[in-house]
Amino acid sequence: TLGNPIMIIVGIVVSFQVLGTITIGTLRGGGDLKFTALLMMTCIGIIRPVAGYLFAITFGWGLMGAWFAILLDQAMRTISSQKRFTDGSWLSIKI
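Everything numeric in this text was worked out from a predicted model, so none of it was measured.

Draft legend 1. Highlighting the side chain of R77. Here R77 is to be found in helix α3 (residues 63-87). With residues up to four places along the chain from it excluded, the contact list for R77 reads I24, L39, M40, C43, I44 and R48.

Rendered as structure tokens:
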């Protein structure tokens with residue numbers, strides 16, 4: 001019964017993940033290592049565990065809650081890295 005909704009969430013997660021991976025890789029290649037490291041540590045170390053606990057345990061959503069936490073993490077990473085990429089501040093970093 002959980003298979004269909006989870007596959008829909010996974011499809012959305014992968015869309016964010018692909019775009020985020022490309023953008024973060026571009027920022028790293030451009031020398032913006034501090035921003036990308038801080039973004040990854042914040043999302044993976046704080047947002048995902050807190051959201052996972054909140055959604056899965058506090059709200060009682062179980063497995064669906066865990067996947068929503070992953071979706072939130074990937075979306076925040078992608079949106080943040082896209083904002084950083086489009087503002088162009090990383091272009092002035094000396095490698």
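Next comes the rest of the account.
Draft legend 2. Quick look at the packing of helix α1 (residues 3-29) against helix α2 (residues 33-58). Viewed as axis vectors pointing N to C, α1 and α2 meet at an angle of 145°, and their least axial separation amounts to 8 Å. In this structure, α1 contributes I24, L27 and R28 to the contact, and α2 contributes L33, F35, T36, L39 and M40. Counted by class, the contact of α1 with α2 contains 6 nonpolar, 1 polar and 1 charged residues.

Draft legend 3. Broad picture of the side chain of S81. Secondary-structure assignment places S81 in helix α3. On the basis of relative accessibility, which here comes to 0%, the residue S81 falls in the buried class. Among all residues touching S81, those that are not within four sequence positions of it are G20, T23, I24, L27, F35 and L39.

Draft legend 4. Representation of the nonpolar core in the model. Judged by nonpolar contacts, I6, I9, V13, M64 and L71 together constitute the single largest core of 5 residues. Counting residues per element, the ones that place at least two in this core are α1 and α3. With 3 residues, α1 is the largest single contributor of residues to this core.

Draft legend 5. How the structure looks around the pattern of salt bridges. The full count for this structure, using the stated rule, is 3 salt bridges. For R84, the salt bridge identified is with D32, shortest N-O distance 2.7 Å. Of this pair, R84 sits in helix α3 while D32 sits in the loop between α1 and α2, placing them 52 residues apart in sequence. The class for R84 is partly exposed, based on a relative accessible area of 23%.

Conventions we followed
- Residues numbered from 1 in each chain as written.
- Predicted model: local features only at pLDDT ≥ 70, side-chain atom pairs only at ≥ 80, totals over all residues.
- Heavy atoms only, no water.
- Helix = DSSP H or I, 4+ residues; strand = E, 2+ residues; numbered from the N terminus.
- Contact = heavy atoms within 4.5 Å.
- Axes fitted to C-alpha atoms, helices over the stretch in contact; angles between N-to-C directions.
- Nonpolar A, V, L, I, M, F, W, Y, C, P; charged D, E, K, R; others polar.
- Buried < 20%, exposed > 50% of the residue type's maximum accessible area, 1.4 Å probe, protein only.
- Core = buried A, V, L, I, M, F, W, Y, C linked by side-chain atoms within 4.5 Å.
- Salt bridge = Lys/Arg side-chain N within 4 Å of Asp/Glu carboxyl O.

All we've got here are geometric facts, nothing functional implied.
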